[in-house]
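The chain contents come next:
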Protein chains: 2
Amino acid sequence: MHNAYIYVNPIIAFSMLSAYIADMDRTTNLLGALALALTDKMGAELKDIFDRSGETAAAVIVIGYVPGISVQILRQVLDLSHPGTVRVADRLEEDGLVERRSGLDGRTVALHLTRKGTIMRKKLMMRRLDMLEAALEGITTNERGVLADLIAKVLTNLPETEMGKHRICRFCNVQTCSDCPIRGHAI
Amino acid sequence: MHNAYIYVNPIIAFSMLSAYIADMDRTTNLLGALALALTDKMGAELKDIFDRSGETAAAVIVIGYVPGISVQILRQVLDLSHPGTVRVADRLEEDGLVERRSGLDGRTVALHLTRKGTIMRKKLMMRRLDMLEAALEGITTNERGVLADLIAKVLTNLPETEMGKHRICRFCNVQTCSDCPIRGHAI
DNA sequence: AATATTATATGCATAACGCATACATATACG
DNA sequence: CGTATATGTATGCGTTATGCATATAATATT
């Protein structure tokens, strides 16, 4: 038994190839535009309620998930230098959103949200979800399902390290993100 | 003729509603995670070949599309203050990627890419597309088409102003982005 | 007990911005 | 024509966010 070849007119073959490449590039490019536009919007929305860098806002979310997290671990999730992360903690403390408590180990610091920090965290998450929900306006329920599955597929390609998984999810609303495609990222 | 009502067990109805909301939230949240992860990756990739802020890299792309663009217009696309944009131009000139020429109007400056700038622009675009292509690994051709259409739909929701359209497309590879969902954004 | 490791913090430098302002050119108007 | 206003660009200065080098404190190792 041998392979079956199908004769295709070269002109048609070329146009098929072109269409294939064009389609690829279109998806590729659109994906980039989407990411950029949404991140811009997210930044603007968050800045509106918390006038600090994006990573500082992310820290609020992460500390809320992992009360008592150390600067060292937070550093890895935020992908900052250690001094950079210490300064993030300084800013959050200064803003009254976070307090440093003593960790189990005498060296470590346990970061905890204050009451104000918890409220801010809720605001940040709501604002993020509202923005994203608005972006999805006009997408039907069925389309949402399809889109979610495709995004989930793309997301599995992205993390390069174990910590990268936590990093991707650093702004997520874990309670509503059932069936997270980035598996095993509980810190 | 009156409306037809279908009896649904309240428990089932509630679970349907929950599933509906959960599905919505899942899509919403995943969309946010995707945007964040891709933007992170993009930033890292671009920094690898051009160690300047994201907006500075974007300026290279935009100036390439609109040779002779003024600081004033560039400012709006990058969403920076005027002084901020002047400094972007300073940095690019310092790096030998851009040169200031005199515009038609004696007040305006015409920004042009140098040869080095044109090469850098190609590198930046290639790097971006390669990254995005890698993110799409494992997505079939059919799925790509579906994804592209859904992204296109979402993208139409995003720009709030006329200039916002240009802004969203500031990193795009226009040559391969056939059928741009952000209509009428030629500068 | 001395040394190495780990966690945190600080001094200092730099990049990337914005606001206020200065400067140059163009336009409008009396 | 000349003056006032608008427009485009540039600069001084301050602030935020960040990294590198280094200091300090606590723990672990030998």
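Before any of the text, the structure's been laid out above.
Not measured: the values here are computed from a predicted model.

S.K.: It is not clear to me how the overall build of chain A should be interpreted in this structure. Could you clarify?
M.R.: Looking only at helices and strands, chain A features seven helices and two strands. For chain A, the residues scored as buried account for 44% of the 187 residues in total. In chain A, 56% of the contacts between residues at least 6 apart in sequence involve partners at least 24 apart.

S.K.: Which parts of the structure should I look at to understand the relation of the copies chain A and chain B?
M.R.: The pair of chain copies shares a relation made of a rotation about an axis and a shift along it. The operation relating chain A to chain B is a screw motion whose rotation component is 180°, with 0.0 Å of axial translation and a residual RMSD of 0.0 Å. Taken together, the rotation and translation relating the two chain copies correspond to the operation of a two-fold axis. Taking C-alpha positions as the reference, the residue of chain A nearest the rotation axis is A35(A), at 2.0 Å. Comparing interface residues between copies, 100% of those in chain A also sit at the interface in chain B, which points to an isologous, same-surface contact.

S.K.: I keep staring at the interface of chain A and chain B and nothing clicks. Help me out?
M.R.: Quite often, the size of an interface is put as the accessible area lost when its parts meet. Residue-level contacts link 60 residues of chain A with 60 residues of chain B. Between chain A and chain B the total buried area reaches about 5900 Å² when both faces are included, carbon and sulfur atoms providing 66% of it. Our count for the contact surface shared by chain A and chain B stands at 10 salt bridges. Between E143(B) and K153(A) there is a salt bridge, and its shortest N-O distance comes to 2.8 Å.

S.K.: Which parts of the structure should I look at to understand the packing of helix 2 (residues 54–65) of chain A against helix 4 (residues 82–94) of chain A?
M.R.: The description of two packed helices rests on the angle between their axes and on the distance between the axes. Residues and elements named next belong to chain A. In the contact formed by helix 2 and helix 4, the axes pass within 10 Å of each other and the chain directions differ by 80°. For the element pair helix 2 / helix 4, the angle class is roughly perpendicular. Judged by residue contacts, T56, A59, V60 and I63 of helix 2 engage V88, R91 and L92 from helix 4. Taken together, the residues of the contact of helix 2 with helix 4 sort by class into five nonpolar, one polar and one charged.

S.K.: When you look at the pattern of salt bridges in this model, what are you seeing that I'm missing?
M.R.: Opposite charge on two side chains makes pairing possible when the charged atoms of those side chains draw close. On inspection of all chains with the given rule, the structure shows 36 salt bridges over all chains. Salt-bridge contacts for E160(A) lead to K41(B); the nearest nitrogen and oxygen are separated by 3.3 Å. Of this pair, E160(A) sits in the loop between helix 6 (141–157) and helix 7 (162–168) while K41(B) is found in helix 1 (residues 10–49), placing the two residues in two different chains. Taking relative accessible area as the criterion, E160(A) reaches 68% and is therefore assigned exposed. For D105(B), the salt bridge identified is with R107(B), shortest N-O distance 2.8 Å. You can call D105(B) partly exposed: its relative accessible area is 32%. By sharing partners, the salt bridges in this structure join D40(A), E55(B), R167(B) and R170(B) into a single network.

S.K.: Got a minute to help me understand the packing of aromatic side chains in this structure?
M.R.: Following the criterion strictly, the structure yields zero aromatic pairs over all chains and no others. Stacked on the ring of Y65(A), the Lys or Arg R121(A) has its end atom at 4.4 Å from the ring centre.

S.K.: Looking at this model, I keep getting lost on the protein's contact with DNA strand C. Mind explaining?
M.R.: Not every one of the 22 residues close to DNA strand C is listed here, only the nearest: Q72(A), V109(A), S53(B), S81(B) and R91(B). Between Q72(A) and DNA strand C, the recorded distance is 2.8 Å, taken from a backbone N or O atom to a phosphate oxygen. Contact distances for DNA strand C include 3.3 Å between a base oxygen and a side-chain N or O atom of R107(A). Elements with a minimum of two residues in the surface near DNA strand C: helix 3 (71–78) and helix 4 of chain A together with helix 4 (82–94) of chain B. Classifying every residue of the surface near DNA strand C by side-chain character gives six nonpolar, eight polar and eight charged.

S.K.: When you look at the protein's contact with DNA strand D in this model, what are you seeing that I'm missing?
M.R.: Within the structure, DNA strand D sits among 22 residues, and S53(A), S81(A), R91(A), Q72(B) and V109(B) are positioned closest to it. Each atom of DNA strand D within 4 Å of the protein was classed as base or backbone; sugar and phosphate made up 63%. At 3.4 Å, a side-chain N or O of R87(A) approaches a base oxygen of DNA strand D. Separating a phosphate oxygen of DNA strand D from a backbone N or O atom of Q72(B) is a distance of 2.8 Å. The residue inventory of the surface near DNA strand D, partitioned by class, reads six nonpolar, eight polar and eight charged.

S.K.: Would you mind showing me how to read the nonpolar core here?
M.R.: Nonpolar side chains tend toward joint burial in soluble globular proteins. If you look at the biggest cluster of nonpolar residues, it comprises 105 residues, and the most contacted ones within it are L155(A) and L155(B). Once you skip the residues sitting within four places of it in the chain, L155(A) turns out to touch I168(A), P181(A), I182(A), L30(B), A33(B), L34(B) and A37(B).

S.K.: Would you mind going over the pairing of strand 2 (residues 109–113) of chain A with me for this structure?
M.R.: If a strand is regular, its side chains alternate between the two faces of the sheet. All names here are of chain A. Of all five residues that make up strand 2, four are buried, and the element is covered over most of its length. In terms of strand pairing, strand 1 (residues 98–102) meets strand 2 through five bridges, oriented antiparallel. In the sheet register, E99 faces strand 2, and the bridge partner there is H112. In this antiparallel pair of consecutive strands, strand 1 and strand 2, the connection spans six residues.

S.K.: How should I be thinking about the side chain of R167(A) in this particular structure?
M.R.: Topologically, R167(A) is positioned in helix 7. At 3.0 Å, the side chain of R167(A) forms a polar contact with the backbone oxygen of V77(A). Once residues within four sequence positions are removed from consideration, R167(A) is found in contact with E55(A), V77(A), L78(A), D79(A) and D40(B).

S.K.: Honestly, the packing of helix 2 (residues 54–65) of chain B against helix 3 (residues 71–78) of chain B in this entry has me stumped. Any pointers?
M.R.: Residue and element names in this part refer to chain B. Look at helix 2 against helix 3: their axes get within 10 Å of each other, and the N-to-C directions meet at 125°. The pairing of helix 2 with helix 3 is recorded here as oblique in orientation. Here helix 2 runs over helix 3; the crossing is right-handed. Each of E55, A58, A59, V62 and I63 in helix 2 lies in contact with helix 3, whose residues at this interface are L74, V77 and L78. Class assignment for the residues of the contact of helix 2 with helix 3 results in seven nonpolar, no polar and one charged.

The rules behind each value
Within any chain, residue numbers begin from 1 and follow the written order of that chain's sequence. Chain letters start at A and ligand numbers start at 1, both assigned in the order the entries are written. Residue-level local features of this predicted model are given only where pLDDT is at least 70; pairs of side-chain atoms are given and counted only at 80 or more, and the full residue set underlies all totals for whole chains, interfaces and linings. As a convention, hydrogens and water are excluded, and side-chain values are obtained from all of the structure's heavy atoms. Going along the chain from the N terminus, every DSSP run of H or I of four or more residues is numbered as a helix, and every run of E of two or more is numbered as a strand. In this scheme, a residue with accessible area under 20% of its type's maximum is buried, one over 50% is exposed, and one in between is partly exposed, where area comes from a 1.4 Å probe on protein chains only. Contacts: residue pairs with any heavy atoms within 4.5 Å of one another. For this overlay, a least-squares fit was computed on C-alpha atoms, restricted to residues scoring pLDDT of at least 70 in both copies. By buried area we mean the combined loss of accessible area, with a 1.4 Å probe, across both parts when two parts are placed together. Salt bridges are identified by distance alone: a Lys or Arg side-chain nitrogen within 4 Å of an Asp or Glu carboxyl oxygen. In this analysis, axes come from line fits to C-alpha atoms, helices being fitted only over the stretch in contact, and the angle between any two N-to-C directions falls in the range 0 to 180 degrees. Note on terminology: angles under 35 degrees are roughly parallel, angles over 145 are roughly antiparallel, angles of 65 to 115 are roughly perpendicular, and the others are oblique. Amino acids are sorted into nonpolar (Ala, Val, Leu, Ile, Met, Phe, Trp, Tyr, Cys and Pro), charged (Asp, Glu, Lys and Arg) and polar (every other residue, Gly among them). Paired rings are identified among Phe, Tyr and Trp, the last through its six-membered ring, by centres lying within 6.5 Å, and are further divided according to the angle between planes into stacked (under 30 degrees), edge-to-face (over 60) and tilted (the rest). Only Lys NZ and Arg CZ are tested; either one counts as a charge over a ring when it is within 6 Å of the ring centre and within 35 degrees of the ring normal. The criterion for a residue being near a molecule or strand is simple. One of its heavy atoms has to lie within 4 Å of it. What qualifies as a polar contact is a pair of N or O atoms within 3.5 Å, subject to a donor-acceptor requirement within protein and to the restriction that residues adjacent in sequence count only when both atoms come from side chains. To define a nonpolar core, start from buried Ala, Val, Leu, Ile, Met, Phe, Trp, Tyr and Cys residues and group those joined through side-chain atoms within 4.5 Å. When DSSP finds two or more bridges between two strands, those strands count as paired. Should the near helix be turned anticlockwise from the far one by less than a right angle, the crossing is termed left-handed; should it be turned clockwise, right-handed.

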